[in-house]
Amino acid sequence: MKKLEFDIDMKQWDQSNYNFVVKVTPDQKKKAHEAVIREYQKDAVQPGFRKGHVPLHMVEKLANQATVFMATLEDLVNDAIQQIVTTYSDKRWIGQIYNLDTSDFKDEQTEGTVSFSLDVFPEVTAKNDTWKKQKVEAYETKVTQEDIDATVDQLRSSYATFDDVDTVDESSLMRLKISFLDKKGVALGNGKNQYLGQEELSVHPTIQKLFLKKKKGDVVNVDYAKWSVITLLQYSGEGDAETISCEIVDIKQKVLPDLNQEFIDKTFSKDDNITSIEVLREKIEETLLKNKQENGLYEWIDAYLSSIQSSFDVVVPKTLIEEEVKNRMHHLSHQLGGEKWLQAYLERMGKEESDKYVETIRQAAVASIHKYFIMKYVADDLKLDIDRDKAQAN
């Protein structure tokens, strides 16, 4: 069927999007309806007729009218979208339509309307040229001896052994038996083992206070509602947890291997071309320098973009914002162990606090998108090339 031509009213809104009201005449409705029935006819089967040769009036009676109506509406909307894209080819349309309203689209005998929204690529406008005069301090790329030593220790840590000890200190690794207790002190569900390493002990003063100098077999009870420093310790079974009970089952002490030629020989193969401690340090310095140069450049760009943001108006469409928020929430749920744990984490905050938290994520998403498109505007103006994937990843 030849695509229908519609009378379309377009209005620009304030978030890089447009609203369209498509007027559909009774004749257009009829033609679209007939086209749908002809499509159904191709697969229609009825005794006495070959497949695809059932008369149209019989196909009409056999077809589910609600399904036909939705297919007719979908075809009309698709034709309208094609007309919009063709008519306004100077605009860079993105995403899918949304805010679809078909409440005024009724029977074939009356004229009706269909309205929906559609986004365009973000629009960036420079309010002035002060961004061209902005200066940013040079970034530091020097690799210090402390940087090299820290990397060597990380390497040694990968090959560490663990000795049994009796008392917890800052470098201990513990295995805890976790139980969730109700307000009467009765255990809920089944207990589980949880490893708690030296990072948690050194980073969180609350945990240090709870476990330092404790011994194997000691039990630490903590108020469930307030202990949010370890996000994995969340209860999702039946009943309300009031207390987290942590029994210290095992305590280990990390022992780093000596940095000597024997360690070099065991750790690296001939293909690694690391034959001595001196060569190892040189390779580490080379890698750290490259990383510092790349990270320093990204930080420098971020500082520059932050300093020139006031020189631009950036209109970001709803489509991009929602997609970025969705990606960030998905990343957060992955960090917490899955969607179930994310929901439990938000519920424990309470509605008011969780709403504020999600809004903070949304604002960060908007700020990130703003910076990217300001950077693109500046790069286009200066005729620079940007690797979009690397830019968005950083």
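Residues numbered from 1 in each chain as written. Predicted model: local features only at pLDDT ≥ 70, side-chain atom pairs only at ≥ 80, totals over all residues. Heavy atoms only, no water.

(A) Fine view of helix α3 (residues 65–87). Look at α3: 33 Å from first C-alpha to last across 23 residues, which is about the 33 Å you get at 1.5 Å a residue. Residues Val68, Ala71, Thr72, Leu73, Leu76, Val77, Asp79, Ala80, Ile81, Gln83 and Ile84 constitute the buried set of α3. Check the buried side of α3 and you find it contacts β1 (7–12), β2 (17–24), α1 (26–41), β3 (93–101) and β4 (112–120). A side-chain oxygen of the first residue of α3 lies 3.0 Å from the backbone nitrogen of Ala66; this N-cap is Asn64. (Helix = DSSP H or I, 4+ residues; strand = E, 2+ residues; numbered from the N terminus. Expected span 1.5 Å × (residues − 1). Buried < 20%, exposed > 50% of the residue type's maximum accessible area, 1.4 Å probe, protein only. Contact = heavy atoms within 4.5 Å. Polar contact = N/O pair within 3.5 Å; in protein donor to acceptor, adjacent residues only side chain to side chain.)

(B) Broad picture of the nonpolar core. Of all hydrophobic cores here, the largest spans 26 residues; its most connected members are Ile308, Phe312, Ile374 and Val378. With eight residues, helix α11 (residues 351–382) is the single largest residue contributor to this core. For Ile374, the residues in contact, after removing those within four places along its chain, are Leu305, Ile308, Gln309, Phe312 and Val314. (Core = buried A, V, L, I, M, F, W, Y, C linked by side-chain atoms within 4.5 Å.)

(C) Structural context of the packing of aromatic side chains. Counted by the stated rule, this structure contains 12 aromatic pairs. With 6.3 Å between their ring centres and 75° between their planes, Trp131 and Tyr377 make a pair best called edge-to-face. Of the two residues, Trp131 is situated in the loop between β5 (123–126) and α4 (145–158) and Tyr377 in helix α11; the sequence distance between them amounts to 246 residues. Judged by relative accessible area, which is 3%, Trp131 ranks as buried. Residue Tyr377 is classed as partly exposed on the basis of its relative accessible area, which comes to 29%. Clustering of aromatic rings is evident, with ring pairs tying together Tyr18, Phe20, Trp93 and Phe116. Its guanidinium or amino end placed over the ring of Phe105, Lys29 lies 4.6 Å from that ring's centre, counting from NZ or CZ. (Phe/Tyr/Trp six-rings, centres within 6.5 Å; stacked < 30°, edge-to-face > 60°. Lys NZ or Arg CZ within 6 Å of the ring centre and 35° of its normal.)

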